[in-house]
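# Summary of structural features
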Amino acid sequence: MNKDYRTGVTQFLLDHAASNPVSFHMPGHKGSDFYRRNGYGLFLERLMDCDITEIQGADNLFVCADCLGESADKYKKIYDVCKTYLQINGTSGGIIASILATVPAGGKLLMSRNCHKSVYNALKLGGISPAYVYPTLVDSYGISGPVSPEDVAAGFDANPDAAAFILPSPNYYGICSDIKAIAEVCHERGKVLIVDQAHGAHLKLMEHYAKDGAINLNLPMSAETAGADLIINSTHKTLASFTQSAVLNVNSDRVDLIELEDKLQMIESSSPSYILMGSLDVNANIILDKGEAVFTDWANNVAYFYSEAANISGLKTMDVPGYLDCTKINLDMSAYGLDGAALEKLLIDEGIFVELTTGNLLMCMTGIGNTREDFDKLLNSLKRIASTHQLVESEPGEADVLETVWNKKRHVHQIGGGWSLETLDECEGKVCAGSIIPYPPGIPLICPGETVDLDDIEYLNQLISKGRDVIGVDANKKIRINKK
Ligand SMILES: Cc1ncc(COP(=O)(O)O)c(C=O)c1O
């Protein structure tokens, strides 16, 4: 290794790249090969030279009248929507801007409780109060499932002053909701529907090629087709633009674009990266020019994986029929006494890196850049693991039960008047003053004003002991507690 790279993150990045890892995590491009094999190697070679600012002819993200406007229009065509805004602050930025543009300051937002932290941050920025709709539960794993349209209707009936509804679909595990029915519920009541489709930027494209008969994965309908008003897609998570880029799609005339543009310029950097925006353009070009081949290959590889995986004894793959974006492969090898975290360790030993583990599940996030070779490596590793481990009695694991803490309905107390740092283990029954956010998935487990229960403490201890990052719990395992 060159001595210039002896410390810090560059050393980690270069060492990691040199080990030729197999990626089943974000970003979707999975490394430089995808650009090279699709004819965009020059962009990578000249990357530093593409790192410019708003010089003459380069357009302006917040005006978008020229070359950036052309790139945005490619997405408008790809997603068949009224307008697309390129995002350089991820789906997070698009979510915050969408909420601030549609819910008045001090107003109310109806939201699914399993929303990403960016939604909670928008509440803080806009002085907005939440009213929660709780997702259904996938019983076998204790994780959040679809949000039911009836619950959204009941949520609006109880909170007629809420201006909009937001939910993630797909959620982190790939579980979608019936967005078409939820859109009807919202629109009948004159409310705006915002869909955080961070994990489903590919759904519209897969749907497009499925119509031609080229793909048959039976994926849920995209939020664009289902009629949501604002949809934010992390094109970096499953498609081929660089990390932190995304697109915000406007899909109806229910949103005031002047308000939206005002909030976007407020949230995003005034020095937007041309490298990110260039990668958004490359991603759009690949979709427009080679979409059929690329999406068919991806879908075929996913279908191939499931059919081969079905022959590995003791391996289960999670399904939520009709609701699952199965490009996210949720593996369960608890039959061998391996929970998700233990399975992850074994895969890392084989050079395979995954996106998320939760209880008995391990989620492999496939993307546009995964090759058949990647899927074969994963299959071979799983076969090896199955052949070197003993099947055990399959009682539901402790982890499964603990996951249900996510779906608890929590009373929210008024807080204010300061906070103090207290040891997590001594906080049972106390009111949290901060947000406790396990990462991933980046969803607040406990929000400011919510009580810390014994099962929360047990669950957080379990995550911490497994080395998971938990935002809001400091290095001494202290959290912010409201002063009475
Ligand atoms: C459900 C969900 N929504 C939104 C986001 C934020 O997306 P981004 O990383 O593009 O800002 C994430 C990030 O992982 C997420 O999981």
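Sequence order as written defines the numbering, with residues in each chain counted from 1. In view of the model being predicted, local features appear only for residues whose pLDDT reaches at least 70, and side-chain atom pairs are presented and counted only at 80 or more, with totals across whole chains, interfaces and linings using the full set of residues. With hydrogens and water set aside, each side-chain value is computed from the structure's full complement of heavy atoms.

## Re helix H17 (residues 454-465)
As a reminder, the rule being used: Here a strand is any run of E in DSSP of at least two residues, a helix any run of H or I of at least four, and the numbering for each starts at the N terminus. A helix is expected to reach a length of 1.5 Å times the quantity of its residues less one. Working definition: with a 1.4 Å probe on protein chains only, accessible area under 20% of the residue-type maximum means buried, over 50% means exposed, and in between means partly exposed.
Taking 1.5 Å per residue as the helical rise, H17 with its 12 residues ought to reach 16 Å, and the 16 Å between its terminal C-alpha atoms agrees with that figure. What H17 keeps buried is the set Asp456, Ile457, Tyr459, Leu460, Gln462 and Leu463. The first or second residue beyond H17 is Gly467, which carries a positive phi of 85°.

## Let's talk about the site of the ligand
Quick note on the threshold: One heavy atom within 4 Å of a molecule or strand is enough for the residue carrying it to be called near that molecule or strand. The term polar contact refers here to a pair of N or O atoms within 3.5 Å; inside protein, the definition further demands a hydrogen-donor-capable atom paired with an acceptor-capable atom, and it admits residues adjacent in sequence only when both atoms are side-chain atoms. For accessible areas, the Shrake-Rupley method is used with a probe of radius 1.4 Å. Any residue's cover is judged against the shown protein chains and nothing else. Put simply, the grid is 1 Å and covers the protein atoms alone, a cavity is a trapped set of points that fit a 1.4 Å probe, a pocket is an open set with protein on both sides within 12 Å along at least five of seven lines, and lining residues have an atom within 4 Å of a point. Assignment of a molecule to a cavity or pocket requires that more than half of its atoms lie within 2 Å of the corresponding grid points. For this classification, the nonpolar set comprises Ala, Val, Leu, Ile, Met, Phe, Trp, Tyr, Cys and Pro, the charged set comprises Asp, Glu, Lys and Arg, and every other residue, Gly included, is treated as polar.
Every residue close to the ligand is listed here: Met26, Gly90, Thr91, Ser92, His116, Tyr172, Asp196, Ala198, His199, Ser234, His236 and Lys237. Measuring from an oxygen atom of the ligand, one finds a side-chain N or O atom of Ser92 at 2.6 Å. Within the side chain of Lys237, a nitrogen or oxygen atom sits 2.9 Å from an oxygen atom of the ligand. In isolation the ligand has 390 Å² of accessible area, and contact with the protein removes 90% of it. Of the pockets mapped on this structure, the ligand occupies the second largest pocket. Residue assignment for the shell around the ligand shows that the elements contributing at least two residues are helix H5 (90-102) and helix H11 (235-238). Counting residues per element, the shell around the ligand draws most heavily on H5, at 3 residues. Looking at the shell around the ligand residue by residue, the class counts come to 3 nonpolar, 7 polar and 2 charged.

## A short note on the nonpolar core
Operational definition: In this description, a nonpolar core means a group of buried Ala, Val, Leu, Ile, Met, Phe, Trp, Tyr and Cys residues linked to one another through side-chain atoms lying within 4.5 Å. The domain limits used here are those given by an automatic or database domain assignment.
Phe295 and Leu382 are the most contacted members of the largest nonpolar core, which totals 82 residues. Ranked by the residues each element gives to this core, the list is headed by helix H13 (residues 274-309), at 17 residues. Looking at which domains feed residues into this core, each of domain 1 (44-288) and domain 2 (291-396) gives three or more. Listed in part, the 32 residues of the second largest apolar core include Ala97, Tyr120, Tyr132 and Ile267.

## Notes on the state of the cysteines
The following threshold applies: Disulfide: a pair of cysteine sulfur atoms within 2.5 Å of each other.
Counted according to the given criterion, the structure contains 0 disulfides. With no disulfide partner, Cys82 has as its closest neighbouring cysteine sulfur the one in Cys64, 16 Å distant. Classification of Cys82 by relative accessible area gives partly exposed; the value is 44%. Cys447 forms no disulfide, and the closest cysteine sulfur to it belongs to Cys432, at a distance of 8.6 Å. With relative accessibility at 3%, the residue Cys447 sits in the buried group.

## Observations regarding the environment of Asp151
Stated formally: Every residue pair with non-hydrogen atoms within 4.5 Å of one another is taken to be in contact.
Within the secondary structure, Asp151 is located in helix H7 (residues 149-158). Relative accessible area serves as the criterion here: at 34%, Asp151 is assigned to the partly exposed category. Taking the C-alpha atoms as reference, Asp151 lies 16 Å from Val192; in sequence the two are 41 residues apart. Residues in contact with Asp151, not counting those within four places in the same chain, are Val133 and Tyr134.

## Digging into the sheet that holds strand E3 (residues 108-112)
Stated precisely, the cut-off is as follows: DSSP-based pairing: two strands are paired if at least 2 bridges between them are found. Comment: axis = line fitted to C-alpha atoms, over the contacting stretch for helices; angle = value between 0 and 180 degrees taken between N-to-C directions.
Taking strand neighbours across the sheet as the criterion, the 7 strands line up as E2-E10-E9-E8-E7-E3-E4 in an open arrangement whose pairing is mixed. A strand with exactly one partner marks an edge of an open sheet, and here the two such strands are strand E2 (83-87) and strand E4 (129-133). Geometrically, the sheet is characterised by an average inter-axis angle of 20° between neighbouring strands, direction not taken into account. Here 5 bridges tie E3 to E4, and the two strands are oriented parallel to one another. If you follow Lys108 over to E4, its bridge partner there is Ser129.

## A short note on the layout of surface pockets
Picture a little ball the size of a water molecule; that probe, rolled over the atoms, points out where space is still empty. What counts, and what does not: Grid points are joined across faces, edges and corners, and a volume is the space filled by probe spheres set on the points.
The volume enclosed by the largest pocket comes to roughly 1200 Å³. Mapped by element, the contributors of at least two residues to the lining of the largest pocket are helix H1 (8-18), strand E1 (22-24), helix H2 (32-37) and helix H15 (372-388). With 6 residues, H1 is the largest single contributor of residues to the lining of the largest pocket. Its residues assigned to classes, the lining of the largest pocket comprises 14 nonpolar, 11 polar and 6 charged. Of the residues that make up the lining of the largest pocket, three or more belong to each of domain 1 (44-288) and domain 2 (291-396). Approximately 750 Å³ is the volume found for the second largest pocket. Lining the second largest pocket we find 31 residues, and of these Met26, His116, Tyr172, Lys237 and Tyr439 sit closest to its centre. Elements represented by at least two residues in the lining of the second largest pocket include exactly H5, strand E6 (143-144) and H11. Top contributing element to the lining of the second largest pocket by residue count: H5, with 4 residues. For the lining of the second largest pocket, a count of residues per class yields 14 nonpolar, 14 polar and 3 charged.

## Comments concerning the domain arrangement of the protein chain
The condition is simple: Defined here as a combined quantity, buried area equals the accessible surface (1.4 Å probe) lost by two parts on assembly, summed across both. The rule for a salt bridge is simple: a side-chain nitrogen of Lys or Arg has to be within 4 Å of a carboxyl oxygen of Asp or Glu.
We note that the domain assignment places domain 1 (44-288), domain 2 (291-396) and domain 3 (410-482) within the protein chain. One C-alpha centre belongs to domain 1, the other to domain 2, and the line joining them spans 27 Å. Contacts between domain 1 and domain 2 engage 29 residues on the former and 31 residues on the latter. In terms of surface lost to domain 2, no three residues of domain 1 exceed Tyr141, Tyr172 and Tyr173, which account for 26% of the buried area on that side. One can count 0 salt bridges joining domain 1 with domain 2. At the junction of domain 1 with domain 2, the criterion picks out 13 residue pairs in polar contact (both at pLDDT 80 or more). Elements represented by at least two residues in the side of domain 1 that touches domain 2 include exactly helix H9 (203-211), H11 and H13.

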